[in-house]
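Single-letter residue listing:
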Amino acid sequence: MTSVQIDAYLRRLGLARPPRPTSEALRELHLRHLRTVPFENLSVHLGEEITLEEKRLLDKVTEARRGGFCYELNGAFGTLLTSLGYEVELLAGRVYGDEGRLGIPYDHLALRVRAADGDTWLADVGFGAHSHCPLAYAERGEQDDPGGRFRVVEAGPDPAGVRGGAAPGTGDLEVVRDGKPQYRLETRPRALGDFAAGAWWHSTSPRSHFTRSLVCSRLTEDGGRITLSGRSLRTTTVDGTQETRELETDEEVLTLYRERFGIELSCLPTVRTSA
C-alpha cells in the first residue's frame, strides 16, 4: 500500500496512524473496522464482479466506501495491517453449518497477526457476528469478549479422518463461541489468490447462502448490531434483545443503506432467484 492508500483506509476507520504495530493498536483497528466497514454481500446481487486483488479490495473499502464478505474484508484488513508493520498470514477456514457440517475448502479467510510486542493474534473482521477484539492465538482457555466467550482449541479429525498438519503444533484449530464451533482453521499460511475458488463458489453457487439472501450488517458503537436483510431491519442491543421491522418503500431502504451503513446505492440489490 502507498502512504495515500493507508491514510485513506485509516480515514474510513476514523483513526490516526498508530506509531507502532502493537497489540493495543491492533485491538483498536479491529474494533473500529467492525463498527465502520459492514459485512455485506450486495455485490453478489448487484452483478458486481468480486476479484481478490489487493488494489480492487482497497478501492472498494476506501473509494467506494463499501464492505464485503470475509475474503474482501479480511483481505483488505490484512493488507492494511501489513503496511502498518504487523506480520500477517492468511489462514483458510471451513465454516460449520446449521447441522454441524463443515463447508467447502477455503470457505473462510482469517488472519494470524504478530504484533511488535511479540504477541500473536487471530484477527477476523469478516465473519459477521463474532469477537469484537482479536483472540489470543496461542491461548487454549476461555477468552471473554463483548461478542461472547471464545476458545481457540486443537481440532479433532475432520469427517475424512484428517487432523491437518503432521508435525506437532501444525494441526487444525477450531474457533468456538459460547460452546459452539464456528469454524475449523488450517494453520498453514495461504496467499490471497488461493481463496479465489471459494469466493467464486460463494458468489455463484445456488447452494451458497450468499446467493440466496441479502445481508448488510455492522457492529454499533454501543456493542449491539444492526442488520439489513432485503427490507427487514433487525437491531440487536448489547444484552441480546432484538427488534425487527419491515421497510415499506425502496427509498426507505436506500436511505438506511446510506445513513446507517455509509453505502450509497443507485438501485436496490435483489436476490438472484435464478442462481
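This section reports on the structure supplied with the text. Bear in mind that the values here come from a model prediction, so they are computed numbers and not experimental data.

## Examining the environment of R20
Then, in step 1: Here R20 lies in the loop between α1 (3-13) and α2 (23-36).
Then, in step 2: In this structure R20 comes out as partly exposed when scored by relative accessible area, which is 47%.
Then, in step 3: Between the C-alpha atom of R20 and that of R35, which follows or precedes it by 15 residues, the distance is 22 Å.
Then, in step 4: The contact partners of R20, leaving out residues within four places of it in the chain, are A25, Y86 and A116.

## Section: the packing of aromatic side chains
Then, in step 1: If you walk through the whole model with that rule in mind, you get seven aromatic pairs.
Then, in step 2: Measuring from ring centre to ring centre gives 5.1 Å for F69 and F210, while their planes differ by 75°; the resulting arrangement is edge-to-face. Here F210 lies in helix α7 (residues 209-212) and F69 lies in the loop between α4 (54-62) and α5 (70-83), a separation of 141 residues in the sequence.
Then, in step 3: When its relative accessible area of 1% is taken as the criterion, F69 is described as buried.
Then, in step 4: On the numbers, 6.1 Å between centres and 50° between planes, the contact of Y71 with F195 is tilted.

## Side note on the sheet that holds strand β13 (residues 242-246)
Then, in step 1: The five strands are arranged β1-β10-β11-β12-β13 in an open sheet whose pairing can be described as antiparallel. Two strands close off the open sheet at either side, each with one partner strand: β1 (39-40) and β13.
Then, in step 2: Relative to the sheet, helix α8 (residues 250-261) contacts β10 (216-219), β11 (225-229), β12 (232-236) and β13, its axis offset from that of β11 by approximately 150°.

## Overview of the side chain of N74
Then, in step 1: Within the secondary structure, N74 is located in helix α5.
Then, in step 2: Reaching out from N74, the side chain makes a polar contact with the backbone oxygen of L109 at a distance of 2.6 Å.
Then, in step 3: Of note is the side chain of N74, whose polar atom sits 2.9 Å from the backbone nitrogen of V125.

## A word on the sheet that holds strand β6 (residues 143-145)
Then, in step 1: Taken together, the eight strands give an open sheet; going across it, the order is β5-β4-β3-β2-β9-β8-β7-β6, and neighbouring strands pair in antiparallel fashion. Across the chains shown, the open sheet's two edge strands, defined by having one partner strand only, are β5 (135-136) and β6.
Then, in step 2: As judged from the seven bridges shared by strand β2 (residues 87-95) and strand β3 (residues 108-114), these two strands associate in the antiparallel manner. Paired with V88 across the strands is V113, a residue of β3.
Then, in step 3: Strands β2, β3 and β4 (120-123) of the sheet are contacted by α5, whose axis makes an angle of about 20° with β3.

## A word on the pairing of β4
Then, in step 1: Alignment of β3 against β4, held across four bridges, turns out to be antiparallel. Across the sheet, the residue bridging to R114 is T120, located in β4.
Then, in step 2: Two strands pair when backbone bridges link them, and β4 and β5 are joined in this way by two bridges, in the antiparallel orientation. Counted as the bridge partner of W121 is A136 from β5.

## Quick notes on helix α6 (residues 196-204)
Then, in step 1: Of all the residues in α6, the buried ones are G198, A199, H202 and S203. On an axial view of α6, the arc spanned by its buried residues comes to 120°, and they lie on one face. Away from its buried face, by an angle of more than 90 degrees, α6 presents the exposed residues A197 and W200.
Then, in step 2: In this structure, the buried residues of α6 make contact with α3 (42-46), α5 and α7.

## Some words on the side chain of S203
Then, in step 1: Here S203 is to be found in helix α6.
Then, in step 2: Within the structure, the side chain of S203 is placed 3.2 Å from the backbone oxygen of W200, a separation counted as a polar contact.

## Some details on the pairing of β11
Then, in step 1: With four of its five residues buried, β11 lies for the most part within the structure.
Then, in step 2: For β10 and β11, the ladder comprises four bridges, and the chain directions are antiparallel. Bridge pairing in β11 links R218 to I226.
Then, in step 3: Between the end of β10 and the start of β11, which pair antiparallel, lie five residues, with G223 showing a positive phi angle near 95°.
Then, in step 4: Strand direction decides the pairing type here: β11 and β12, joined by five bridges, are antiparallel. Bridged to S229 within β12 is S232.
Then, in step 5: The hairpin turn running from β11 into β12, its antiparallel successor, is two residues long, and G230 in that turn takes a positive phi close to 65°.

About the criteria used
- Residues numbered from 1 in each chain as written.
- Predicted model: local features only at pLDDT ≥ 70, side-chain atom pairs only at ≥ 80, totals over all residues.
- Heavy atoms only, no water.
- Helix = DSSP H or I, 4+ residues; strand = E, 2+ residues; numbered from the N terminus.
- Buried < 20%, exposed > 50% of the residue type's maximum accessible area, 1.4 Å probe, protein only.
- Contact = heavy atoms within 4.5 Å.
- Phe/Tyr/Trp six-rings, centres within 6.5 Å; stacked < 30°, edge-to-face > 60°.
- Pairing = 2+ DSSP bridges.
- Axes fitted to C-alpha atoms, helices over the stretch in contact; angles between N-to-C directions.
- Polar contact = N/O pair within 3.5 Å; in protein donor to acceptor, adjacent residues only side chain to side chain.
- Arc of directions from axis to C-beta.

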